[in-house]
Amino acid sequence: MWISSRFFVIFLLLHLDTTCSEPFEAHLRGPGFVMEPPGRVEFSNSSGGWLDCSASGSPQPTVDWVHADGSAVTEIHGVRRVLRNGTLVLMPFAAAAYHQDVHNTIYRCIASNSVGRIVSRDVQVRAVVAQAYKVDVEVLSASRGCTAILRCVVPTFVKELVRVVSWVHEPAIYIYPSLQGDGKFHLLPTGELLIHNLQESDESQSFRCRSMHRLTRQVVVSSPTRLRINSHRGIISPSVVEHTAHVQVSQDEGAVLLCVAQGCPSPEYSWYTHNGAGPLPVLSGPRVRLLGPILAIEAVTGEDSGVYKCTAGNVGGEASAELRLTVATPIQVEISPNVLSVHMGGTAEFRCLVTSNGSPVGMQNILWYKDGRQLPSSGRVEDTLVVPRVSRENRGMYQCVVRRPEGDTFQATAELQLGDAPPVLLYSFIEQTLQPGPAVSLKCSAAGNPTPQISWTLDGFPLPSNGRFMIGQYITVHGDVISHVNISHVMVEDGGEYACNAENRAGRVQHAARLNIYGLPYIRLIPKVTAVSGETLNLKCPVAGYPIEEIHWERGGRELPDDIRQRVQPDGSLTISPVQKNSDSGVYTCWARNKQGHSARRSGEVTVIVPPSIEPFAFQEGLAEGMRTRTVCGVSRGDPPLKLIWLKDGDPLPDLLGANVTMLDQYSSLLSIPSLSATHSGEYTCVAKNPAAEIKYTALLQVKVPPRWIVEPVDANVERNRHIMLHCQAQGVPTPSIVWKKATGSKSGEYEEVRERPFTKLLGNGSLLLQHVKEDREGFYLCQANNGIGTGIGKVIQLKVNSSPYFSSTSRSVMVKKGDTALLQCAVSGDKPINIVWMRSGKNTLNPSTNYKISVKQEATPDGVSAELQIRTVDATDSGPYFCRASNLYGNDQQLVQLQVQEPPLPPSVLEAAMISSRSVNLKWQPKSLGTGDVTKYLVEFREADRSLPPALFVEQWQQIEVKDPPHFNALIENLKPATRYAFRVIAEGSAGRSAPSQELIVRTEPQRPAGPPLSLSARPLSSTELLISWVAPLPELRHGDIQGYNVGYKLSSSGNTVYNFTSISGDGDGGNGELLLSGLAKFARYTVVVQAFNQVGPGPLSEPTAAQTMEDVPSRPPEDVRCAALSSQSLQVSWQPPPIYHTNGLLQGYKLIFEPIIDDIQPSKDEVESRKTTALTMVLTGLRKYTNYSIQVLAHTRMGDGAVSKPLFCHSEEDVPEAPADIKVVSSSSQSLYISWLAPTEPNGVITKYSLYTRVVNGREELNNEKRSLPSQQAYYEAKGLHPHMEYQFWVTASTRVGEGKSSRVSSQITTNRVPARIISFGGPVVRPWRSTVTLPCTAVGKPKREWFKGDVALRQGGLHNSQMLDSGDLIISSLQLADGGNYSCQVDNGIGTDRLTHTLLVQVPPTSPTLYVTSATSSSILMHWKCGFTGNAPITGYTLFYRRTNGNTDEMQLSRHASSHELKGLVCGSTYQIHMSAQNKVGTSPTSTTLHVRTQGQSPGHPASTALLAPNSTSLLVRLHSWPDNGCPLLYFVLQYRAVTEDPDAEWVLVSNALKPQRRIVVNNLRPSTLYQLRMEAHNVAGISQADFSFVTLTKDGDPPPPEIMHRGHRGHTTVILGNINLLIPSVAAVSGLICTIIMVIVCYRHKQANHIQKESLENRANSEAAQRERYYATIHKVSMQNNDKIPETSEDISPYATFQLSEAGGNMSQPHHGGPANTLLHSFMYHERALAEGCSSPPPAASKNRRRHSRKTEPESEESESDQDQLTSSRTESSNQHEGKIKHSIIYHGAQSSTSSDLSPMSEQKSLPRRGRSRYHHQQYQFSTNTTPRHHNSNKMNNNTTSNTNTTATNTTATQPSTSINSNKILSPRGGNLKSISSTFKSQDSIQCHIPTLVKSPSISTQQQKQFHKQQLQQSSSNSQHSSTSSNPNSSSLKQQQPLLITPKLHQLEATNGNGSPELMGLDGIGNSPLVACMPPSSQFRPIPHKSIMPAHEPPHHHHQNLNHQQQPHPHQQQQQPHPGTLLNPSTAMLSSKFFTAPTLPK
């Protein structure tokens, strides 16, 4: 019994062992839902419900149901059952049996098997107890023409379960839900019925609502309801009465957004979407339909969701509402990966992927479950689950559950499997020592995956096979393996080392321990051992017995080890590593011995086998089907027996493969395949094995297989609006790609590739899914499969869309007039053939054979059939519904056609205008008949009433609009013309026709802002900062009123700013042209300019923008980052960066480098400033001075000239070897010594470090010896002592710097001698010292001589000079140096043996003298001045300081460069006097300031206009043309304007219009009385002063006629009186009158002296006559040389020669005087150019700041005056000097800086012309003013022969003649053409100052020292000349002669010389005869050229013949005058006029 039980146990254990050997869990698969229950289940109590749930898995899972809390769902008899297949059944129940926890709760389905457990989504179950309900209809009425809403009202307790299925339009018209309706009726998917375009006929119709309970399918119909139409009149702004705030639909469903508004007229709807950055209009498309208040979207997608806005608007206003559309897109949940295998201890990671339509969905509420239980650590938005340190407990099923806010849940499952894990011993046995006999049990427990297998060994060998040993093992429920060895009766031979080995495919683990049994040594049988060559052999001796003392191994009688590869371990085992076959095979003997000496011995055999090795092999590439291939597997080494086998994909070769295997020999095998196919592809493995090892080698065979069909596409049919899947699958190697294409035409035509888009899906398996198929999807489709092998395959299939008949709308209506033919049409689409039947009222089929009034037509169309029903001569009985019913094989459909027969209405009445605006008129009327339902619309016709048209064309000119809202009986007529008369009439129109027109209504519209922009906008640059904008007024028909002015907008084109800067200018009210000068702009910048006109209502539209670019200018910033580095002693490298781009002001042409050395005063004082040009950013300066500090400046230049100069950068060139010492002296100091001295090198080229003195002794021609001696740099002498007498010694010297030794001096030789002659060892030469210092002049000598000092040729004695001292050493010391101490100082020595002489040149540096400053031109805001430096003080000028201040202002100073010779002061105040003086500086000090000049900027206080030019009265208003008020050069600031009626009361109050009226073109004074005399008082203010004037005017009559004569007579008596508000103008007027009287007296005296001279008398008469003849003539711009009767004034600057001389005619007084031709009336003008030229000495060119500057007077304002007053008006040009009040002259100077040396560009202002007006001139005389405040006298018809000079006013008249000479004076007046010139006279205001007018550009005289010395000597001569002149001036024209001489002003200490005919110098005075103290005002300068200008130079005087002067000098020839220019000569005084500009200079000392 025990034996049988024992064998049973062994059998059981062996069976368990076999079971454990199978792979663990290889066949298991976790559960997964096949059918998951829905998330929501609703049912009624009468029907019951059921929930299906099924799952799959291995093993098959079980399905259970649980509640939300996890408790199991149990069966309830008669209420709830759970079927075996997993279905949960809820049975029908009575209402009383309702249980909340059963019928309204949450269920979950659980599927589980041995792998894990999963739970379904939440299933919300809701049972509804059926209840009866009723539905009502709610009507939202509307106005006629609007939309009414009918809503089906369902009780709230069933509202969620009841839906509206249709509406019934009584009696039997069914209206079903649709997205677009039929145009009249529209049933929304939400159940509302919309009725559009309400009419009175709709009130008689009734409607019912049909609803259905979706659970019980019960249909409930409401009671019928009628419509009501609201009655509204007038305009009612829209209001949204119904809109769906939130619409939620599922994807691919249709969505309808409702927004109904009511208003009158019917509102227009606009839809917008707010899903983007801003609102975008919704456009109609294939899926989107705009149906007024309805927005319908078919097959919505997620992109359609968002916020929509509907806007309803009419003339009364606008209303809007926002609607939100939410699209519920299905989401897909997936866990990646769905099966995860992880080793124990590893980390598992699952990710929950939530997508919608393939796109990720973020931020979801995610829960994680493990085996149906929620994991506590999972968060709300965690999409990743991480399981660290995986153990067996972690394996199972994981679920990701996503819960959406709507309550829906979605889930996905994944399985976590344990991966391979190596075995781990959980339990092991220990070492034991026992006596023989008892039983022993050894146990091991291991875990791993797969489940490990355990084996046992004893001393490395299998356990003995005897009955005492029993082995068993089993697997626990946790998967652990437990194995044990039981020994029933232990014996001595059972002792040894036992080991348990646990092993699976992941690894192996072993545990060993000894079992010791007391006894004698015993060695068990050693079995045969096979070792593998090359590996380690561990041979254990199977010894038993205990204890054992030692164990030994022997082989062949020799104890081991005997080789280094052998080792005997402490436990007695033998290790051999590595094993070698030949040396290690054999018999090994093991013997063991105990302490007592007992031993045991046993032998065993060891065999060594070599493992096999396979040679690599491979299959060739590119194998295709049908080809052959073979390969050989060869074993390169290995012991037999060898076995070679082949595997495919890890399995033996199947027989069906057709592969042949041939053994070539025992070491190689051949695999051949005769015909390849796709089944041959795979991995082929050759396995070679012998007893030692098994080796594998694998090669891949891939057979290229062309595509072939798996699923071949076939033709398909699909019904319209359904989905279809077109299958297409192919296989091949490599896997082919599937491409679908669709034919664009026929089957054989072109094909286009089908791409993924909405409703077209390309699936991964190649199938094509088409959704919502329409007819456009029909056609031929091509499926192509290609993998690059062969040509690929393709199949064309045809897809047919089976379409049942359908209509584009379900119903339509037809209205026809009574008696006409009704045409009822229906177009049906669908597959043919289509049968169409017409029916009346839905039941009576219409047949032409039975009804003579009807006829039926039918014709085929491309999409279907078009049918037509004609009913002739219709009447009211024919009204009603007609049905067009269509049917084909696939279905049928019908369309309702409602026929209405109507009669024409009556015309409206009482037409009137309710509101009138500029563009619209709101009309209202009343219907004439009570039956307004016959009127469908009104036609409002209108036309312009002012047109006179022929009657035949009258009707065609009517415009009409439709009014489709008749109940309101009003219309808004828009888009009318402002200020226009219109005629209106209204026509009523009904279904039967139109009524007659109503009576016409005449209405005039209001004015409006201009509708058209200004035209011909142009912009042209005038300068670098100015643009002249010009334009033409808008078209007259678009002005809509008087143009009041213009807004000019400008902006930088390059800026991203879209806003313009606007400037407003006034217009003339008549839409004249305009222009504006934009100044202060950026230089060389492109501007965009627009203009808009404005009238009394407002501004009009902007013009089209135009662009213009300002001119180039010089750069305003210097180059940046200027750097300098010395390259060598004569070269520097300079680099820089360009100026900032915004300051280049043009295109850079290059750079200019200006550099100069900083040299010592001893050097020659020449200006070494050099400049070089380059286009690069670096330059190397070469050829420089060695070891010299240089000042370097860089400037950039454009085409316009040089820009700003950088700050000086100082850079030093490097040292070099010095030049030779300047001189050397060798003198004999004794008989045996020589004294050598030398001068330092003139060019040391560095710091002298030492001198080298070379000595050479010469005896005849033989050089005896030489030597070199180094001396310190401070020593310049050496005494050589101890020399041989009478020997020649030669000496020379070199200097050295740190660079090296320089050149040698000349060789000086000397012979030693006993006689020492006197010689000077010092050196002479120039000596420079500053004043007030001390200088020592050395004179060191040898030979003990006698010394003498000389200054020049005068000997100096000790104490002879008060500041000199002679030392015993011979030196001369001069202290307190003054300028007079300079000169040559000589020292002479003599000792009787020899003599010597030395000369020092002493130069004393003193501060410079003051520069000579003079002004050359001035404008209203700037003064240009030049200067010339005087005596520099023997030191270079280092700079200038300019001082200036405005009268009564603070003094400002400005530092100027030492190279500058001119400067322009800018930003000055107009019409102001400035005091200017200057000083110069050198290193010694600062000069005294120059003469202070008093200069006045241009401009005066405002002038006074003529009343006819200023005023234009009307009946009740006065137009004041403010722009005609002359500003006299200074801009007007504001006006003060007041008026009063002229009455008998002299104290009548003034009415103030404005006391701060800004300058504008015009202003209108209103509220005046017709035919009334008014007095107007105005004040004009500018910075220079105030002018006030009173004017009288008479308003016109009420009808616009001239006023009565008596009022006009009063107005003439009260003619305009001018009151000068500036008293400064009054004083010069008095002075002018006084001067006039004095002039007359002087003329009489002169006339008596020259009475006998008939020629002079005739000249006076000619002058007077020419002056009278030209009183009425003036020219604004001077161009021509002569102005004859038919000469044309040039129009452009190109007409002028740059050096032309012009002849001017001056305005005279009386046109009645005879005109004398000839040269008597001319004045020569020259246009001058100012050119930068290099000057000598300290005078340098003008600074760059003055370059390229255009200075001109104020801009010219456009002229746009009324034509009736043109002759009396004056131009407002501020550049014309003719427009002054009563002879006041305003001069404009246009100054050009030098653009280049050859520039010939005129100023831009020279192109602005103001030609003289025809008619009379208001100005009779013009003259120059020579005082600050001057008022010219008025001229009458009496001719004035001379001008007058007074103390306060000096008036110079310019006399010009064409004869070669005008004066015999040597003070010559030169003209570029050699013509005769005018002169200017002046009167001294005081003894200390002279005021002088500046007529031209002048240059300071060059005053020599010799001239200064001769000053006092010539004073006596001048006094004598004055007395002679006064006593002998019997010439009648002597005063006139004086007036012709120029006034020259010379500062103190200076005077001018003139050269007479004999060449002797002579001083020039005021009379030009050299007899008065000279005051130089305007010396000429050859460096200035003429400046072009546009000012007028009037000629006042006729020519005079002048006599010789009192010194009887001969008058030089005119040629001599030009060839001998005098420093004090005027250079063409006519070239640059500065009216009323003065400076004051002190007179010369007496």
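Description of the structure in this document. (Residues numbered from 1 in each chain as written. Predicted model: local features only at pLDDT ≥ 70, side-chain atom pairs only at ≥ 80, totals over all residues. Heavy atoms only, no water.)

**Quick word on the overall build of the protein**
Worth spelling out the cut-off: A helix here means a DSSP run of H or I that spans at least four residues, while a strand means a run of E at least two residues long, and both kinds are numbered starting from the N terminus. The contact criterion used throughout is that any non-hydrogen atoms of two residues lie within 4.5 Å. All accessible-area figures derive from a Shrake-Rupley calculation using a 1.4 Å probe, and residue coverage is judged against the displayed protein chains alone.
Of regular secondary structure, the protein possesses twelve helices and 151 strands. Contacts in the protein between residues at least 24 apart in sequence constitute 68% of all its contacts with a sequence separation of at least 6. Element-wise, carbon and sulfur atoms account for 50% of the exposed surface of the protein, whose accessible area totals about 95300 Å².

**Details of the environment of Leu-283**
With respect to the secondary-structure elements, Leu-283 resides in the loop between strand 26 (280-281) and strand 27 (288-291). As for Leu-283 and Thr-273, which are separated by ten residues in sequence, their C-alpha atoms are 10.0 Å apart. Each residue touching Leu-283, except ones within four places of it in the same chain, is listed here: Val-288 and Leu-290.

**Thoughts on the environment of Arg-994**
Rules: For each residue, the accessible area found with a 1.4 Å probe, counting protein chains only, is set against the maximum for its type, and the residue is called buried under 20%, exposed over 50%, and partly exposed in between.
One can find Arg-994 in strand 92 (residues 993-994). Residue classification places Arg-994 among the partly exposed residues on the basis of a relative accessible area of 47%. Along the primary structure Arg-994 and Lys-937 are separated by 57 residues, whereas in three dimensions their C-alpha atoms are 9.3 Å apart. Setting aside anything within four residues of it in sequence, one finds Arg-994 in contact with Pro-904, Leu-939, Gln-960, Ile-987, Ala-988 and Glu-989.

**So, the packing of aromatic side chains**
Selection rule: Pairing of aromatic rings covers Phe, Tyr and the six-membered ring of Trp, with a centre-to-centre limit of 6.5 Å; geometry is then stacked below 30 degrees between planes, edge-to-face above 60, and tilted otherwise. Whether a charge lies above a ring is judged from NZ of Lys or CZ of Arg, which has to be within 6 Å of the ring centre and within 35 degrees of the ring normal.
Overall, the coordinates contain 28 aromatic pairs when judged by the stated rule. When the ring of Tyr-1254 is compared with that of Trp-1292, the centres are 5.6 Å apart and the planes differ by 5 degrees; the resulting orientation is stacked. On the criterion of sequence distance, the pair formed by Tyr-1254 in strand 111 (residues 1250-1259) and Trp-1292 in strand 114 (residues 1288-1296) is long-range, its members being 38 residues apart. These aromatic residues form a ring-pair network of at least three members: Phe-617, Trp-646 and Tyr-697. Over the face of the ring belonging to Tyr-427 we find Lys-443, whose NZ or CZ atom lies 5.2 Å from the ring centre. Seen from the ring of Trp-1331, Arg-1332 lies directly overhead, with NZ or CZ sitting 3.9 Å from the centre.

**Concerning a nonpolar patch on the surface**
Basically, it comes down to this: Two joining distances apply to patches: 9 Å for like charges and 5 Å for nonpolar side chains (Val, Leu, Ile, Met, Phe, Trp, Tyr), and every residue must have over 30% relative accessible area and no salt bridge. The term salt bridge refers to a pairing of a side-chain nitrogen on Lys or Arg with a carboxyl oxygen on Asp or Glu at a separation within 4 Å.
Together, Val-424, Leu-426 and Tyr-427 make up an exposed nonpolar region whose accessible area comes to about 290 Å². Relative to the helices and strands, Leu-426 is located in strand 40 (residues 421-427). Owing to a relative accessible area of 46%, Leu-426 belongs among the partly exposed residues under this scheme.

**Digging into the state of the cysteines**
Rule in force here: Defined by distance alone, a disulfide is two cysteine sulfur atoms within 2.5 Å.
This model, assessed by the stated rule, comprises twelve disulfides. The disulfide partner of Cys-152 is Cys-209, and the gap between their sulfur atoms is 2.0 Å. Its S-S torsion of about -100 degrees marks the bond between Cys-152 and Cys-209 as left-handed, since a negative value means left-handed. Linking Cys-152 in strand 13 (residues 148-153) with Cys-209 in strand 18 (residues 206-213), this pair joins segments that are 57 residues apart in sequence. Cys-209 carries the same exposure label as Cys-152, and that label is buried.

**With respect to the side chain of Thr-87**
Inspection of the secondary structure puts Thr-87 in the loop between strand 6 (80-82) and strand 7 (88-90). Residue Thr-87 is classed as buried on the basis of its relative accessible area, which comes to 8%. Among residues more than four places away in sequence, those in contact with Thr-87 are Trp-50, Leu-51, Asp-52, Trp-65, Arg-81 and Val-82.

**Observations regarding the side chain of Arg-121**
The condition that has to hold: Here a polar contact is taken to be a pair of N or O atoms separated by no more than 3.5 Å, where protein atoms must pair a possible hydrogen donor with a possible acceptor and residues adjacent in sequence count only if both atoms sit in side chains.
As for its placement among the helices and strands, Arg-121 is situated in the loop between strand 9 (117-119) and strand 10 (123-128). A polar atom in the side chain of Arg-121 sits 3.2 Å from the backbone oxygen of Thr-409.

**Considerations on the sheet that holds strand 121 (residues 1346-1351)**
For clarity, the cut-off: The criterion for strand pairing is that DSSP finds at least two bridges linking the strands in question. Fitting a line to C-alpha atoms yields each axis, with helices limited to the stretch in contact; the angle taken between N-to-C directions then spans 0 to 180 degrees.
Spatially, five strands are ordered 118-126-125-121-122 in an open sheet, and the strand pairing comes out mixed. Looking along the sheet, the strands with just one partner apiece sit at the ends: strand 118 (1325-1330) and strand 122 (1354-1356). Each strand of the sheet is rotated relative to its neighbour by a mean of 30 degrees, with strand direction disregarded. Taken together, the eight bridges between strand 125 (residues 1383-1390) and strand 126 (residues 1395-1405) define a ladder with antiparallel strand orientation. Bridging from a neighbouring strand, Asn-1384 pairs with Thr-1401 of strand 126.

**Comments concerning the sheet that holds strand 56 (residues 574-576)**
With respect to topology, three strands assemble into an open sheet ordered 51-56-55, the strand pairing being antiparallel. Looking at the sheet topology across the chains shown, the edges are occupied by strand 51 (537-539) and strand 55 (566-568). Between one strand axis and the next, the sheet turns by 15 degrees as a mean value, whatever way the strands run.

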